[in-house]
Amino acid sequence: MCRWAAYTGQPVFLEDIVSRPGHSLIHQSHCATQCHTAINADGFGVAWYGERPEPGLYRDVMPAWSDPNLRSLTAQVRSGLFLAHVRASTGTATSRNNCHPFTWGRWSFMHNGQIGGYDNFRRDADMMIPDALYPCRKGATDSEALFLIAIAEGLEDDPKGAMERAAAKLITLARAKGTAPHLRLTGALSDGKKLYAMRYATDDHAPTLYHRWSDSRQGTAVVSEPLETGEGGWIEAPPFSFCTFDGPDVRVEEFHPCRLAVAA
């Protein structure tokens, strides 16, 4: 299972989340504590928002802890909204195109989890991506397919509804041609203005998701695991939830794609 971290608020250096904390994302890439896989060495990526609507994007296949370019970039780039991800593959190749986050226009997306038996219906999932969007399909992951299907389902106007509808389509396929668990998902997405995150599973094992507002930074970190061991103030997002982060305010709504999925 992958690990990721996102931030929204007053601009900070990316390293304040990605590399400097005691249990930073880079530390989690080789010493995760709240997932089945402690090592996340199948690539990494960062998407950040600055002066332009579209995010900057840096991805590579090296382990996050061994790339000096990543440390240099995070020490120099300051942003008020960014997403960072370290990858543990669930079957697809270790390649730059399979590294998260994925971007489309001003949108960025990253995912931790799995869609059960995805190799059995990968072609069916690709068929759900409209022709106009299919040139954007650069890799082979279930996560990128979920993102592009959500765009087709109206992500720009209805982020929560689009993610529910896209997830429901893939749950339907997993029920018919895949295996359990049909979907495990903690994901983050942004349009450069707001940060959204969701936590969901079709079984009782939704991947972990936490958030914490910092008065000193005037911003919110949203993470797979708390960034400091023993640090208070972290709030665990409930399962079946869709969270919208806007300053110190968090709106939590129910997220139930299974209600839309077709039974096998």
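Treat the numbers as computed from the prediction; the structure is a model and nothing was measured.

Conventions we followed
- Residues numbered from 1 in each chain as written.
- Predicted model: local features only at pLDDT ≥ 70, side-chain atom pairs only at ≥ 80, totals over all residues.
- Heavy atoms only, no water.
- Pairing = 2+ DSSP bridges.
- Helix = DSSP H or I, 4+ residues; strand = E, 2+ residues; numbered from the N terminus.
- Axes fitted to C-alpha atoms, helices over the stretch in contact; angles between N-to-C directions.
- Salt bridge = Lys/Arg side-chain N within 4 Å of Asp/Glu carboxyl O.
- Buried < 20%, exposed > 50% of the residue type's maximum accessible area, 1.4 Å probe, protein only.

Trainee: What is the right way to read the sheet that holds strand S8 (residues 195-201) from this model?
Mentor: Spatially, S5-S6-S7-S8-S12-S13 is the arrangement adopted by the 6 strands of the open sheet, whose pairing is antiparallel. Of all strands in the sheet, those with a lone pairing partner are strand S5 (102-104) and strand S13 (249-254), marking the two edges. Averaged over all pairs of adjacent strands, the angle between strand axes in this sheet comes to 20°, irrespective of strand direction.

Trainee: Would you explain the sheet that holds strand S2 (residues 44-48) in this entry?
Mentor: Strand pairing in a sheet relies on backbone hydrogen bonds, with the paired strands running either antiparallel or parallel. With antiparallel pairing, the 7 strands of this open sheet are ordered in space as S3-S2-S4-S1-S10-S9-S11. One side of each edge strand has no neighbouring strand; the edge strands of this open sheet are strand S3 (56-60) and strand S11 (235-236). Of the pairings in the sheet, the one linking strand S1 (residues 3-13) to strand S4 (residues 78-86) comprises 8 bridges and is antiparallel in character. Bridge pairing in S4 places Arg 3 opposite Val 86.

Trainee: How should I be thinking about the pattern of salt bridges in this particular structure?
Mentor: Any two side chains of opposite charge can pair, so long as their charged atoms come close to each other. Here the structure, examined in full by the defined rule, presents 16 salt bridges. The partner of Arg 96 in a salt bridge is Asp 60, and the shortest N-O contact between them spans 3.1 Å. Of this pair, Arg 96 sits in the loop between S4 and S5 while Asp 60 sits in strand S3; the two residues are 36 residues apart in sequence, bridging distant segments of the chain. Overall, Arg 96 belongs to the partly exposed group, its relative accessible area being 44%. The class of Asp 60 is buried, set by a relative accessible area of 14%.

Keep in mind that these numbers describe shape and distance, not what the molecule does.
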